[in-house]
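# Structural features, examined
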Amino acid sequence: MASFGWKRKIGEKVSKATSQQFEAEAADDKDLGDDDDANWVHAAKRRKEILLEDCVRRSKELKDEGANLAENRRYREALVKWDEALQLTPEDATLYEMKSQVLMSLHEMFPAVHAAEMAVQRNPRSWDAWQTLGRAQLGLGEIALAIRSFQVSLHTFPMNPEVWKEDLSWARKLQEQQKATKTESVQALAKGKELAQESIPDYDFESDEIVAVCAAIAEKEKALSTAKTMVIVSASGAVETVTEQDNCPATPDETLFIRAR
């Protein structure tokens, strides 16, 4: 029967020199592994940078192509180019601002406002994006919002005379006209209500004149109701309508006429 004993630890019989040599080789392998990991991370980072550079370069090419098409009034083709560019650089605020301008030229105001809003979201300090947004809002009749957008544009770039002299001045003029039109409409509505109230006289239905008129109408209706109307057809076929009062003489001889009521 075998006796029970503790299990020996692994490596108990390995010499010290062999153990040190093994540890050294393991350290060298670890250094090589670390170097390989570092090289792989660096290579991946470099490939990503190259890919981003290619995207930016291709996006710029598409942007320029779209700009040339827009200058030649080929707006739909320009929009296709800029949409392709946005797939590569979705954070480019300039692309959205250019899209908004072209959409306004096509009288598509809702998409134009949306594109301009995307532009200011991506670059809130872009004065031209705020200017384009204000113009698109004017196209929708949102005058108050347009004035605010022009003011933000001027706050970002105060030395821009175009926004101050043209866009903001025109928007304020439209706002004044809108207020004047609204005031005239309210006044006309109030005047119409006053005329409607004045056109209905305040009759006193219990006055002597009204009572007398009503009595006369009642007497006339009573007289008409007492009259008797008959249709008489003669033997020869002639038709005659006769109104007979209560005190009128008797009708003609029945041998000559046929009475029909």
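Identification of the chain as TTC33 protein from Chaetorhynchus papuensis is taken from an unreviewed UniProt entry.

### Points about the UniProt feature "repeat: TPR" (unreviewed entry) in the chain
As recorded in UniProt, the sites labelled "repeat: TPR" (unreviewed entry) are residues 59-92. What you have in residues 59-92 is 79% helix and 0% strand, and the ends, taken at the C-alpha atoms, are 9 Å apart.

### Here's the deal with the packing of helix α3 (residues 93-105) against helix α5 (residues 127-139)
The geometry of α3 relative to α5 is characterised by a closest axis approach of 10 Å and an angle of 25 degrees between their N-to-C directions. Between α3 and α5, the angle is such that the two are roughly parallel. Classified by chirality, the crossing of α5 by α3 is left-handed. Residues Glu97, Ser100, Gln101 and Met104 of α3 form the contact with α5, whose participating residues are Asp128, Ala129, Thr132, Arg135 and Ala136. Grouping the amino acids of the contact of α3 with α5 by side-chain chemistry returns 3 nonpolar, 3 polar and 3 charged.

### Overview of helix α2 (residues 75-88)
It helps to recall that an α-helix has 3.6 residues per turn; residues three or four apart then point in one direction. Spanning 14 residues, α2 covers 20 Å between terminal C-alpha atoms, matching the ideal 20 Å at 1.5 Å per step. For α2, the set of buried residues is Tyr75, Ala78, Leu79, Trp82, Ala85 and Leu86. Burial along α2 is one-sided: seen end-on, the buried residues are contained in an arc of 120 degrees.

### Section: the pattern of salt bridges
Counting across every chain of the model gives 11 salt bridges. Of the charged contacts in the structure, one is a salt bridge between Glu65 and Lys81, with a shortest N-O distance of 3.2 Å. Taken together, the residues span a long stretch of sequence, with Glu65 in helix α1 (residues 16-71) and Lys81 in helix α2 at a distance of 16 residues. By relative accessible area, which is 31% here, Glu65 ends up partly exposed. For Glu91, the salt bridge goes to Arg122, with nearest N and O atoms at 3.8 Å.

Rules used in this analysis
Chains are numbered independently. Their residues run from 1 in the order of the written sequence. For a predicted model such as this one, the threshold for reporting local features is a pLDDT of at least 70, and the threshold for listing and counting side-chain atom pairs is 80 or more; totals across whole chains, interfaces and linings nevertheless cover every residue. In computing side-chain values, all of the structure's heavy atoms are included and hydrogens and water are not. UniProt positions are given in the numbering used here, feature names are shortened, and annotations may be inferred rather than shown by experiment. Helix and strand labels come from DSSP, where a helix needs a run of H or I of at least four residues and a strand needs a run of E of at least two; each type is numbered from the N terminus. Orientation is described by lines fitted to C-alpha atoms, with helices fitted over the stretch in contact, and by angles between N-to-C directions that extend from 0 to 180 degrees. Roughly parallel refers to an angle under 35 degrees, roughly antiparallel to one over 145, roughly perpendicular to one between 65 and 115, and oblique to any angle outside these ranges. Crossings are sorted by hand: turned counterclockwise from the far helix by less than a right angle, the near helix makes the crossing left-handed, and turned clockwise it makes it right-handed. It only takes one pair of heavy atoms within 4.5 Å for two residues to be counted as in contact. Three categories are distinguished: nonpolar for Ala, Val, Leu, Ile, Met, Phe, Trp, Tyr, Cys and Pro, charged for Asp, Glu, Lys and Arg, and polar for the others, with Gly belonging to the last. To estimate how far a helix should reach, multiply one less than its number of residues by 1.5 Å. For every residue, the accessible area obtained with a 1.4 Å probe (protein chains only) is divided by the maximum for its type, and the residue is called buried under 20%, exposed over 50%, and partly exposed between those limits. Along the arc lie the directions from the helix axis toward the C-beta atoms. The working definition used for a salt bridge is a side-chain nitrogen of Lys or Arg within 4 Å of a carboxyl oxygen of Asp or Glu.

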